[in-house]
Amino acid sequence: MEKWKYKSLKWIHRIREEDYNNTANLSPKELIEKTRKAAENIAKELDLETSHSNIPSKR
């Protein structure tokens, strides 16, 4: 019996597992930086404008 009933679920979970394996050894700060850079690259490829909200600093 298959673990996932639908091919889309099988695909989603395979991608999630690959992503986890590629980032499991990163600190939260490193993961955020990697994610931010990837998002900026995709936005640039798609010719999208980005906006940065003001995030309050630690108190």
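The present account deals with the structure reproduced in this document.

Calculation criteria
- Residues numbered from 1 in each chain as written.
- Predicted model: local features only at pLDDT ≥ 70, side-chain atom pairs only at ≥ 80, totals over all residues.
- Heavy atoms only, no water.
- Helix = DSSP H or I, 4+ residues; strand = E, 2+ residues; numbered from the N terminus.
- Buried < 20%, exposed > 50% of the residue type's maximum accessible area, 1.4 Å probe, protein only.
- Areas by Shrake-Rupley, 256 points an atom, 1.4 Å probe, with all protein chains shown as cover.
- Contact = heavy atoms within 4.5 Å.
- Patch = residues over 30% accessible without salt bridge, like charges linked within 9 Å, V, L, I, M, F, W, Y side chains within 5 Å.
- Salt bridge = Lys/Arg side-chain N within 4 Å of Asp/Glu carboxyl O.

### A few points about the overall build of the protein chain
Turning to step 1, where the next piece is worked out: Along its length, the protein chain carries two helices and zero strands.
Turning to step 2, where the next piece is worked out: Scored against the burial criterion, the 59 residues of the protein chain give a buried share of 3%.
Turning to step 3, where the next piece is worked out: Per element, the accessible surface of the protein chain, about 6,500 Å² overall, is 55% carbon and sulfur.

### Quick look at the side chain of Thr-23
Turning to step 1, where the next piece is worked out: Along the chain, the position of Thr-23 falls in helix 1 (residues 7-23).
Turning to step 2, where the next piece is worked out: Non-local contacts of Thr-23, meaning those with residues more than four positions away in its chain, are made with Leu-31 and Lys-34.

### A short note on a nonpolar patch on the surface
Turning to step 1, where the next piece is worked out: Taken together, the side chains of Tyr-6, Leu-9, Trp-11, Ile-12 and Ile-15 define a hydrophobic patch exposed on the protein surface, amounting to about 470 Å² of accessible area.
Turning to step 2, where the next piece is worked out: Along the polypeptide, Ile-15 turns up in helix 1.
Turning to step 3, where the next piece is worked out: Of the residues examined, Ile-15 reaches a relative accessible area of 32% and is grouped as partly exposed.

### Re the pattern of salt bridges
Turning to step 1, where the next piece is worked out: According to the stated counting rule, one finds four salt bridges in the structure shown.
Turning to step 2, where the next piece is worked out: Taking the shortest distance from any N to any O, the salt bridge between Glu-18 and Arg-14 comes out at 3.0 Å. In this pair, Glu-18 and Arg-14 both sit in helix 1, four residues apart, roughly one turn of the helix.
Turning to step 3, where the next piece is worked out: Classification of Glu-18 by relative accessible area gives partly exposed; the value is 38%.
Turning to step 4, where the next piece is worked out: Note that Glu-40 is salt-bridged to Arg-36, the shortest N-O span being 2.6 Å. Residue Glu-40 and its partner Arg-36 are both found in helix 2 (residues 28-45); the two are separated by four residues, about one turn of the helix.
Turning to step 5, where the next piece is worked out: With a relative accessible area of 34%, Glu-40 lands in the partly exposed category.
Turning to step 6, where the next piece is worked out: On the accessibility criterion, Arg-36 (36% relative accessible area) is partly exposed.
Turning to step 7, where the next piece is worked out: One salt-bridge network, in which partners are shared between bridges, spans Glu-33, Arg-36, Lys-37 and Glu-40.

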